[in-house]
Each structure stands twice: as C-alpha cells, then as structure tokens.
Amino acid sequence: MSVHFHYQDNRLYAEGVSLEDIASRFGTPCYVYSRAALTGGFRQFSDALKGRDHLVCYAVKANSNLAILNLFARLGAGFDIVSGGELKRVMAAGGDPKKVVFSGVGKTESEMRMALEADILCFNVESSSELYRLNEVAKSMGKRAAISLRVNPDVDAKTHPYISTGLKQNKFGVAYAEAMELYRKAGAMPNLRVTGMDCHIGSQLTDISPFIAAVEKVLLLVDELEKEGIALEHLDLGGGLGIRYKDETPPGIPEYAAALLSALKGRPQKLILEPGRVLVGNAGLLLTTVEYIKRGEERNFAIVDAAMNDLMRPALYDAYHDILPVTRGGHETGTYEIVGPICETGDFLGHERALPIAAQSRIAIMSAGAYGMSMSSNYNTRPRAAEVMVDGESMHLVRERETVEQLYAGERIVA
Ligand code: LLP
C-alpha cells in the first residue's frame, strides 16, 4: 500500500480523509485519487531527469480527468494524446498544446487539423500513409507539421499480449527496416519537419532490459540518420513502466530514468517520455459498497455496487487488483468472489479474497487510478462513477456521478 492510502484506527484513509466519509458524502461507486501521490510521482521524474533537457508527456489515456491533467500541467508536464478528444481535454485543463505529442495509428484528417491549429509539439507518425496524409493536411493549412516516426524496434516487452506493442506482429509503429527510407521521404516533404524519433514497446513492463534493448535499436537509427545529415531534436522513449499490483517488483522511477539516461550515453537530444500508469495507477482506488453477501454451494459471493463497466481490467486482462476493507475488525473474515451486478460471468473484480465484510460494508479496489475510469463504460445503463480528489484533509468532487438521463439524452425514438 502506498503511504497515501493507509489505516488509522482500523479505518482506511486517503491522505487525511477517511474513505467512509467520502462514501457517505459522494456515494459509491467512486474513484478516489490522492493529490500527494500524483504530485509525488511526477516529481520523481523531474528530479531524476534534472539537468537533462527533457519533457514528461503524461499519457492522457491512463486517466483523463481534468483535475489530474491540470495538476500535471501545473507541475510542468506535457501530454501524450491519441485523439482529438484528448487534445481538447488537455486544453480545457489548462495544458500547453506546445507540449503535446500526438500518438496513435489512426489519426483522422480532422484530428490532424485540430492538432495543427493548436500548434502541438510533434506528431508521432505510425505509417507511410499517415505521413503522406499529414503532409497534405499541413499543406492545405499553409503549415509545417513537426513529426517523429514511431519506430517498432521489435523487442519483446514480456508483458500481457494485449498491451505489448513493440513486436513485429503488432499494428504499432513503422517497421524497423523501413524506418530509414521513410525518414528520407519525410525529409523531402515540404510541409513536414522531421524533429524526432519515437518508440513505445508496451505497458506494465516490470523489467528494465526491454526498455534498454529498444533504446539501443533506436540509437542505431539515429546514428544512421545523422550520417545522412538528418539531425533530430528529440528522442521520445514512450511510456510503459509498470507498477506493483500484487507482488511485481518493477524498477522505481529513479532507477528507470537513470538506466535510460545511461543508455542514451550523453546524446544531445531532448528526452521525451510518455508515462501513464506509473503516474496515476497507485494514486487511485475504486471505492464500492457491498450490496449482498450470497452464499453459494461452492463459493461465496460479495456482490458490490461497482462492476466491470467501472473497472474493466479484471474482465479484460484477468488483471489482479488488491482489495481492502474500508473498516477492519467489524465482521468475521470470509472468502469471497467479489463481483458486480452485471449480467456476465466476466463481471468480477477479484477472486477468492479474504475480507472481514458483511452487507453494507465498503471495500476499496486498489491500484485503480490508471485505465480504470478512462476505460469505463455505460454497459447495463450504469451511469459512470463519481471521482474525488483528496488533498490533505480536504476532498474535492472532480467529476459528478453521471445521471441516467445524461446517458440517453442523445437518443431519439422513431415515429
Ligand atoms: N505512449 C503510447 C503510445 C501508448 O500507447 C501508451 C499506452 C502509453 C504511452 C502509456 O503507457 P503506460 O506508461 O501507461 O504503460 N489498458 C491497459 C493499458 C493499455 C496501454 C496502452 N498504451 C491496461 O489497463 O493495462
């Protein structure tokens, strides 16, 4: 457990606020974030990279709440976006578009326009067709688009196959062997400006060696380019650093940053990173209430008011999230399947968890700050959860609970 979530007299707290108090005030299910944890993570990057020209572009997809984006923006962050929607969020949150890099394999023409209009720092281009399209769009606007190619270094990130992106068979990036040719083409396009190189090999990496293998392959290309007179301004090494959900032992931020810096061997380029999960994952939890205890023949179920629509990771990746009682000691401990009310067997949040709970108890699904709320849906016409940010002794509602009326406001009945 992080220092920001801790027990005090057998009650679970986020910083100085008890989760019971948050639940009674805002209801459940509810995401709770610790501002100190968010700030602390970002500062670790800034400290580790001090003295080196760098930009930490927070991967917005991990958690795109405006309060979180605003907090990172104030700490000096840039942003890694993958859609026009994320760009709008960044700007609505006070982020600087000039510190935005735009990743993703399927950028539409209108998204390109929006990003060019906003004068973003760089497009991370993922294919030759995208390169041509971007050049055309920029031309029609009388602009030059800054680009880097997302190179697929073909290294095994050794993570879950759904979140591994740096292998040849993945849809991401341009093939390593084609990168030089594409850089030459890009260099000759009048409405593009080649400024960098980019790679991102996957997410939830708990070992440093794939990162280093990727850097080494990237640097070989950088050298090749230099020989041809194409000098780059920045190197974007993506995100992907893992966190501890259960018993993983990922390198810490300082260790990771130091390893990258040493692999870069004093290269002059500005270093860009795109961390998502490591900045928000363990800074958030999902607070939920037990509705029913249901005793089955083989297993006992705790049916809670959060579900797979609120937190998809267990259903989608069989991901493990620690589950803690909000109050310890009140009830006898039993072993439960922690499930939601959705009509799918995949609707579980945890298997075989020993918890001292009864109906109406509250529990906290830990490490839910990354890819929790941002991947939530309205399946079963379930309004999305509220989000609360705790700052010391105070709690702030940073997103209201959705209403059912909002869910069907855009729908029409055919006469
Ligand atoms: N940059 C790019 C281009 C990415 O595709 C991603 C994540 C990141 C940065 C941030 O990676 P991070 O530092 O968060 O690992 N939904 C999955 C994770 C999908 C990650 C997709 N790309 C999950 O819940 O585990």
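Preceding block: the structure.
Residues numbered from 1 in each chain as written. Predicted model: local features only at pLDDT ≥ 70, side-chain atom pairs only at ≥ 80, totals over all residues. Heavy atoms only, no water.

Undergrad: Would you mind going over the overall build of the protein chain in detail, with residue names and values included?
TA: The helix and strand inventory of the protein chain stands at twelve helices and 21 strands. Relative to the 2.2 N^0.38 estimate, which gives 22 Å for 415 residues, the radius of gyration of the protein chain is 23 Å and therefore close to what a compact globule would have. Across its three principal directions, the C-alpha atoms of the protein chain cover 70 × 60 × 40 Å. Burial status across the protein chain gives 55% buried among its 415 residues. Summing over all exposed atoms, the protein chain offers an accessible surface of approximately 17800 Å²; the carbon and sulfur share of this is 49%. Here the protein chain carries 45 positive and 52 negative side-chain charges, and the mean point of each set is 4 Å from the other. (Helix = DSSP H or I, 4+ residues; strand = E, 2+ residues; numbered from the N terminus. Rg over C-alpha atoms; globule rule 2.2 N^0.38 Å. Buried < 20%, exposed > 50% of the residue type's maximum accessible area, 1.4 Å probe, protein only. Areas by Shrake-Rupley, 256 points an atom, 1.4 Å probe, with all protein chains shown as cover. Lys, Arg positive; Asp, Glu negative; His and termini not counted. Charge placed at Lys NZ, Arg CZ, Asp CG, Glu CD.)

Undergrad: Can you lay out the site of the ligand for me, pointing to particular residues and giving the numbers?
TA: By nearness alone, 19 residues border the ligand, and Ser203, Glu274, Arg313, Tyr317 and Tyr371 come closest of all. The contact in question runs from a nitrogen atom of the ligand to an N or O atom on the side chain of Asp80, over 3.2 Å. Here a nitrogen atom of the ligand and a side-chain polar atom of Tyr317 are 2.7 Å apart. A breakdown of the residues in the shell around the ligand according to their chemical character gives six nonpolar, seven polar and six charged. Each of domain 1 (5-33 + 281-407) and domain 2 (104-273) gives at least three residues to the shell around the ligand. (Near = heavy atom within 4 Å. Polar contact = N/O pair within 3.5 Å; in protein donor to acceptor, adjacent residues only side chain to side chain. Nonpolar A, V, L, I, M, F, W, Y, C, P; charged D, E, K, R; others polar. Domains from an automatic or database assignment.)

Undergrad: Provide a residue-level description of the side chain of Asp236, including the pertinent values.
TA: Within the fold, Asp236 resides in strand β12 (residues 234-236). There is no salt bridge for the buried Asp236, and the closest opposite charge comes from Arg150, which lies 8.7 Å off by N-O distance. Residue contacts for Asp236: discarding those within four places in its chain leaves Val101, Asn124, Met197, Asp198, Cys199, Ile272, Leu273 and Glu274. (Salt bridge = Lys/Arg side-chain N within 4 Å of Asp/Glu carboxyl O. Contact = heavy atoms within 4.5 Å.)

Undergrad: Which residues make up the sheet that holds strand β1 (residues 5-8), and what values go with them?
TA: Hydrogen bonds between backbone atoms are what pair the strands of a sheet, whose relative direction is either parallel or antiparallel. Reading across the sheet, the three strands line up as β1-β2-β3 and stay open at both edges, with antiparallel pairing between neighbours. Pairing within the sheet leaves two strands with one partner each, and these edge strands are β1 and β3 (17-18). (Pairing = 2+ DSSP bridges.)

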